[in-house]
Amino acid sequence: MTDTHCHLTDPRIEEQLPSVLARAAAAGVGRMITIGTGLADDEAAIALCGRLGNVRCAIGVHPNYTAETEMSDLPRLRELQGAAAVVALGEMGLDYHYDRAPREKQKAVFEFQLQLAVEFNRPVVIHCREATEDCLAVLRGFPGVRADFHCFTGSMAEARQILDAGYWLGFTGAVTFKKNDELREVVKFTPMDRLLVETDAPYLTPEPMRKQKVNEPALVVHVARLVALLKGMEYSEFERVVEANASGFFGW
C-alpha cells in the first residue's frame, strides 16, 4: 500500500526516520509520497527521495506559506521539475480557515503552480480549507489538470461538487474519529476509482492510535481498513484497488 500524503521532512518524523520506515514496511506500507510545503521543504523532500528508493514527492507552496514566498522565487519550482523523484505538484490551494496569507496572494501562487502542472502534465495535490467554491473556480481555468483534494473533511455537498468536477478525494485518519459520521457517509458516496488513502503524517493520527501523538505512514492501514469496511469490500480487494488508484493518479 502507498501512503499518498505524508510529511517525512517534518522534524517530528525525520528525527526518527529509520524507525518510521521500518514500521511502515512491517505494516505493509511499501511506498510513500512525501509532500513539500515551500521551496526549502521541496528541496529537502527531493533530497530525501534521493536516499530512499520507495519514496517519491510532490513539490509546491502550501497556501499558508504564500505570504513569505516571493512571486519572483516561484520559477524555482520549474527548475525542480527535473528531479526524478517528483510525481506531482503541491500541496497547493486556498486556506480561508487560518487566513495566514492574503487571499489574492494565495490565489496568485495557486495559479502559478497550476500553470506548471499544465506545462509538465503533472497531477496536483490540493489543500482546500473553507474555500471549496473558490478552489473549484480557480481550477476551472485549468481544465484537464488531475487534482486530489487531500485530507477531505468537508460536507457531502462539497464532496459532490468536487467529484462532479472530475477530481479525487483523499481520506485520512479523520474518517476514524467518532464524531465524523457525515465524513463516513462521504466515503461511502465516493466512487472507488476516485479515492485515495493517506496519513497526512505527522498530523491526524487515526483511531485506535490517537494516544500516539505523531502520526506516521504505517498507520495508513487503519484508515484503509475502515474505508474498506465502509465500502463493503474485502480488505485484500480494497488494498489492490486503492494501490492501483495511487499508481494511476501519480504515474508511479
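The coordinates are above.
Just so it is clear, the structure is predicted and the values come from calculations on it, not from any experiment. Note on numbering: residues in each chain are counted from 1, in written sequence order. Only residues with pLDDT of at least 70 are given local features in this predicted model, and only at 80 or more are side-chain atom pairs given and counted; all residues enter the totals for whole chains, interfaces and linings. Excluding hydrogens and water, the side-chain values take into account all heavy atoms of the structure.

1. A short note on the state of the cysteines
Then step 1. By disulfide we mean two sulfur atoms from cysteines, separated by a distance within 2.5 Å. A complete count under the given rule lists zero disulfides for this structure.
Then step 2. Cysteine Cys6 is unpaired, with the sulfur of Cys49 as its nearest cysteine sulfur at 9.2 Å.
Then step 3. Cysteine Cys49 shares no disulfide, and the gap to the nearest cysteine sulfur, in Cys57, comes to 4.1 Å.

2. Some words on the side chain of Glu198
Then step 1. A run of H or I in DSSP becomes a helix once it reaches four residues, and a run of E becomes a strand once it reaches two; helices and strands are each numbered from the N terminus. Looking at the element boundaries, Glu198 is found in the loop between β8 (195-197) and α9 (220-230).
Then step 2. The rule is simple: take the accessible area with a 1.4 Å probe, protein chains only, and divide by the maximum for that residue type; under 20% is buried, over 50% is exposed, in between is partly exposed. When charges are tallied, Lys and Arg are placed among the positive residues and Asp and Glu among the negative ones, while His and the ends of the chain are skipped. Each salt bridge in this description consists of a side-chain nitrogen of Lys or Arg and a carboxyl oxygen of Asp or Glu lying within 4 Å of one another. In this structure Glu198 is buried but unpaired, with Arg129 as the nearest side chain of opposite charge at 13 Å.
Then step 3. By the criterion applied in these results, polar contacts are pairs of N or O atoms within 3.5 Å in which, for protein atoms, one can donate a hydrogen and the other can accept it, and in which residues neighboring in sequence qualify only through two side-chain atoms. A polar contact is formed between the side chain of Glu198 and the side chain of His150, at a distance of 2.8 Å.
Then step 4. A polar contact of 3.0 Å, which involves the side chain of Glu198, links it to the backbone nitrogen of Cys151.
Then step 5. Not counting the four nearest positions on each side in its chain, Glu198 is found in contact with Asp3, Thr4, His5, Asp148, His150, Cys151, Gly170, Phe171, Thr172, Gly173, Val220 and Val223. Contacts are residue-level and defined by heavy atoms, with any inter-residue pair within 4.5 Å sufficient.

3. Describing the pattern of salt bridges
Then step 1. Applying the stated criterion across every chain yields a total of 11 salt bridges.
Then step 2. Where Asp181 meets Arg184, a salt bridge forms, and the shortest distance between an N and an O atom there is 2.7 Å. A residue pair is termed a helical-turn pair when its members lie 3 or 4 positions apart in one helix, as Asp181 and Arg184 do in helix α8 (residues 181-189) at three residues.
Then step 3. By relative accessible area, Arg184 is classed as buried at 12%.
Then step 4. In this structure, the salt-bridge partner of Arg210 is Glu207, at a minimum N-O distance of 3.8 Å.
Then step 5. Owing to a relative accessible area of 38%, Arg210 belongs among the partly exposed residues under this scheme.
Then step 6. With a relative accessible area of 29%, Glu207 lands in the partly exposed category.
Then step 7. Here the residues in one salt-bridge network are Glu43, Arg76 and Glu79, joined through shared partners.

4. What about the side chain of Gln106?
Then step 1. Within the element layout of this structure, Gln106 appears in helix α5 (residues 103-120).
Then step 2. Looking at Gln106, the relative accessible area reads 0%, which means it is buried.
Then step 3. Engagement of the side chain of Gln106 in a polar contact is seen with the backbone oxygen of Ala101, the distance being 3.0 Å.
Then step 4. Those residues in contact with Gln106 that sit more than four places away from it in its chain are Pro63, Thr66, Gly93, Leu94, Asp95, Asp99 and Ala101.

5. Examining the packing of aromatic side chains
Then step 1. What counts as a ring pair is set by centres within 6.5 Å for rings of Phe, Tyr and Trp (its six-membered ring), and what kind of pair is set by the plane angle: stacked under 30 degrees, edge-to-face over 60, tilted for all other angles. One pass over the structure, following the stated rule, counts three aromatic pairs.
Then step 2. Ring centres 5.1 Å apart and planes at 55° place the aromatic pair Trp168 and Phe249 in the tilted group. On the criterion of sequence distance, the pair formed by Trp168 in strand β7 (residues 168-171) and Phe249 in helix α10 (residues 235-250) is long-range, its members being 81 residues apart.
Then step 3. Taking relative accessible area as the criterion, Phe249 reaches 1% and is therefore assigned buried.
Then step 4. An angle of 85° between the planes, with centres 4.9 Å apart, marks the rings of Phe249 and Phe250 as edge-to-face.
Then step 5. Classification of Phe250 by relative accessible area gives buried; the value is 3%.

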